[in-house]
2 protein chains.
Amino acid sequence: MTEGPTITTIAQRAGVSIASVSRVLNGLPTREDTVRRVMRAADELGYVPNSVARSLRNRRTDQIAFAMADIGNPVYVAMVREIQPLLKEAGYRLLIHSTDGQAEDELGVLRGLRERYVDGLIISPLRGVTEEHVEAIVAARAPVVVIGSLPEDMPEGALVDNVRTDSRTGVRLALEHLHAIGRRRIGFLNGPLDTVPGAARAAAYREALEALGLPYDEDLVEVGDFYRDSGARAARALLSRVPGVDALMCANDLIALGALDVLREQGRDVPGDVAVVGMDDTDLASVTWPTLTSVSLGSAERGRAAAGLLLDRLQNGPREPRVAVVRPSLTIRGSTTLPGTSPGGAR
Amino acid sequence: MTEGPTITTIAQRAGVSIASVSRVLNGLPTREDTVRRVMRAADELGYVPNSVARSLRNRRTDQIAFAMADIGNPVYVAMVREIQPLLKEAGYRLLIHSTDGQAEDELGVLRGLRERYVDGLIISPLRGVTEEHVEAIVAARAPVVVIGSLPEDMPEGALVDNVRTDSRTGVRLALEHLHAIGRRRIGFLNGPLDTVPGAARAAAYREALEALGLPYDEDLVEVGDFYRDSGARAARALLSRVPGVDALMCANDLIALGALDVLREQGRDVPGDVAVVGMDDTDLASVTWPTLTSVSLGSAERGRAAAGLLLDRLQNGPREPRVAVVRPSLTIRGSTTLPGTSPGGAR
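Residues numbered from 1 in each chain as written. Chains lettered and ligands numbered in written order. Predicted model: local features only at pLDDT ≥ 70, side-chain atom pairs only at ≥ 80, totals over all residues. Heavy atoms only, no water.

**A closer look at helix H3 (residues 32–44) of chain B**
Residues and elements named next belong to chain B. What counts is decided by this rule: Secondary structure counts use DSSP, requiring at least four H or I residues in a row for a helix and at least two E residues in a row for a strand, with both numbered from the N terminus. In a helix, the anticipated span is given by 1.5 Å times the number of residues less one. When accessible area is computed with a 1.4 Å probe and restricted to protein chains, residues below 20% of their type maximum are described as buried, those above 50% as exposed, and intermediate ones as partly exposed. Picture the helix axis, draw a direction to every C-beta atom, and the arc is the one those directions span.
Its 13 residues give H3 an end-to-end C-alpha distance of 18 Å, which sits within 8% of 18 Å, the value for a rise of 1.5 Å per residue. For H3, the full list of buried residues reads Thr34, Val38, Ala41 and Ala42. One side of H3 holds all its buried residues, which, seen down the axis, span an arc of 100 degrees. Along H3, the residues that are exposed and aim more than 90 degrees away from the buried face are Glu32 and Asp43.

If you want it as structure tokens, here you go:
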């Protein structure tokens, strides 16, 4: 219990609510004139910067949460690997939640921020951005960084930043590569269409085919889940429906693993008979045989960017929301490279 | 702020210190008669169980930390995958730390428990169990579960439980299998000998050879780190020193990945020329080609056991330390199975 000026005396002096003082001292967004009045009152009461800092510090939890869809997916492990040391260096502990990609769990985590058990949250991704998600983010008493999609028009005062990648460009890069090695019947194994990534990748596949002058054939599309076993089921279904498919674009690496399992079990040569491309370029891509060509959506970069945006808010106080975009790239490996052909070369 | 009896009034009534009451209500170990006096006083003051529970709850952080050596190692991811839902179900949030296997970081985490920012800690493993580790565990104000080795003779009153596996038996199972498929020059790629796992596995390798009547040849042993690139370096060194090696026992799956890389690059057939066995039976083992035979040390089971022991302490209060031992098993896959031979059969 420090002597001298307190939040209450500052609030009286400034003629504002204790809540407002607390918001200002917490660096939460507050009307400009309120901030000015609180800081003037704090100043007049000799509430010098470092005691302000101390008071601020006293309400810090020194914790940041990272909520991810699936702790079994190396994408999120790659993010944690980047986020954790950056937070540790800045003096924060990392709390992790697994939402299993369920909107209910996501909302639970976001609503939990009202208790302010952490100083900030990084969440990746939001299954879908519903009104409830937006409300929970606005009501949050700690800044949030969403890795993934977010509405352009977030309400005023929402303490949210956004890190996104451009999976459309990623899918395009993959299909251009498959086209370049002579593939024309390119199947697509996608995740659920009611997920933001699933919907985006479905649209991207269609666009990319069009750009390449290839017809869109729904027989070449199979929708399942973002897991290995589901990828195997989808691959089996697609291959039996369209035996002549010569490439499989997979919406993530786990789906691609399932596809490789089925192709091997059916004795189809990869990439000779069927080329395979994954997405996320996880550690698994260099473990499979043949190694897996995969679209890198910069998981590590996204993790670093998210930690950077959150730490910036926590260290420098209120500001306008920012969006960081990480450019995708294609990592070409054995699953699309025929022995004796150059990756980009024709078949 | 609840009406009625408080910790202070209970302390007065029981004629003990407030600290003692707090220890009892927190389930921290306390002299038997102190516990009895505090509970009697609480009872007489009408401090009924659920208000005791509430008071207890008020001092709970509802957080448990898991400190692991390497977040890039699927062993720990497998543990987190089991621990997180169990804690979530019990109303706890999971905090994670990465110690990079550094004793300093381990000590930092253990000493941090004096602040009691969590209600409990699961740590895996301890690089080495030094005097400082033991002191930090004894000084901890929250229960600790160590997954890995721990001295038999922990001091009285240490709030520590232990989950261990039996890597010696694991190594023996692997070598017996390699012997059964006709391998006689079995190399060993180990991790650092100054780590508990490294030292244990070195001893186990030697014992297992002896039991099988095979000579110990230090030329067949290479010591590196528990990572893929280090495993590749070690395999390269061993293969150039002893070209005739017909099997490689690897101290974890990451080392085995590195060994498979080198064997493929040298055009040696696996398992035809060289059979390979990993350890930990991670998700990677089913992703490599050939798939990797690996000793399962029950990562998932160890995670579940650790969470169970910790929750038991938190829910049922002080008790004697317990040790849970998870039995290893061997998962036989393609890296030791010649086409057309039964896994156990002779070559």
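The discussion continues.
**Remarks on the sheet that holds strand E12 (residues 329–331) of chain B**
All names here are of chain B. Defined as follows: When DSSP locates at least two bridges between a pair of strands, those strands are taken to pair. To get an axis, fit a line to the C-alpha atoms, keeping to the stretch in contact for a helix; angles then go from 0 to 180 degrees between the N-to-C directions. Contact criterion: two residues are considered in contact whenever any of their non-hydrogen atoms come within 4.5 Å of each other.
Read across the open sheet, the 6 strands follow the order E7-E6-E8-E9-E10-E12; overall the sheet is mixed. The outermost strands of the open sheet, each flanked by one partner alone, are strand E7 (221–223) and E12. Across this sheet, the average inter-strand angle for adjacent strands is 20 degrees, counted without regard to direction. Sheet analysis places strand E8 (residues 247–250) next to strand E9 (residues 275–279), joined by 3 bridges and oriented parallel. Note that in E9 the partner of Leu248 across the bridge is Val276. The sheet strands contacting helix H8 (residues 167–180) are strand E6 (186–190), E8, E9, strand E10 (293–296) and E12, and the helix crosses E9 at an angle near 165 degrees. Where helix H11 (residues 253–265) meets the sheet, its contacts fall on E6, E8, E9 and E10, and the angle it forms with E9 comes to roughly 155 degrees.

**Quick word on empty space enclosed by the protein**
For the record, the criterion: Of the two site types, the cavity is a set of points on a 1 Å grid over the protein atoms alone where a 1.4 Å probe fits but cannot get out, and the pocket is an open set with protein on both sides within 12 Å along at least five of seven lines, each lined by residues with an atom within 4 Å of a point. Grid points are joined across faces, edges and corners, and a volume is the space filled by probe spheres set on the points. Here the nonpolar group is Ala, Val, Leu, Ile, Met, Phe, Trp, Tyr, Cys and Pro; Asp, Glu, Lys and Arg are the charged ones; every other residue, Gly included, is treated as polar.
Applying the stated criterion across every chain, the model contains 2 cavities of 30 Å³ or more. Looking at the largest cavity, its volume works out to about 80 Å³. Taken together, Met68(A), Ile71(A), Val77(A), Val80(A), Ile96(A), Met68(B), Ile71(B), Val77(B), Val80(B) and Ile96(B) form the lining of the largest cavity. Of all the secondary structure elements, the ones that give two or more residues to the lining of the largest cavity are helix H5 (74–89) of chain A together with helix H5 (74–89) of chain B. Each residue belonging to the lining of the largest cavity can be placed in one class, and the counts come to 10 nonpolar, no polar and no charged. Lining the second largest cavity, in full, are Ser286(A), Val287(A), Arg228(B), Leu257(B), Leu260(B), Asp261(B), Arg264(B), Thr288(B) and Trp289(B). Of all the elements, H11(B) adds the most residues to the lining of the second largest cavity, at 4 residues. Taken together, the residues that form the lining of the second largest cavity break down as 4 nonpolar, 2 polar and 3 charged.

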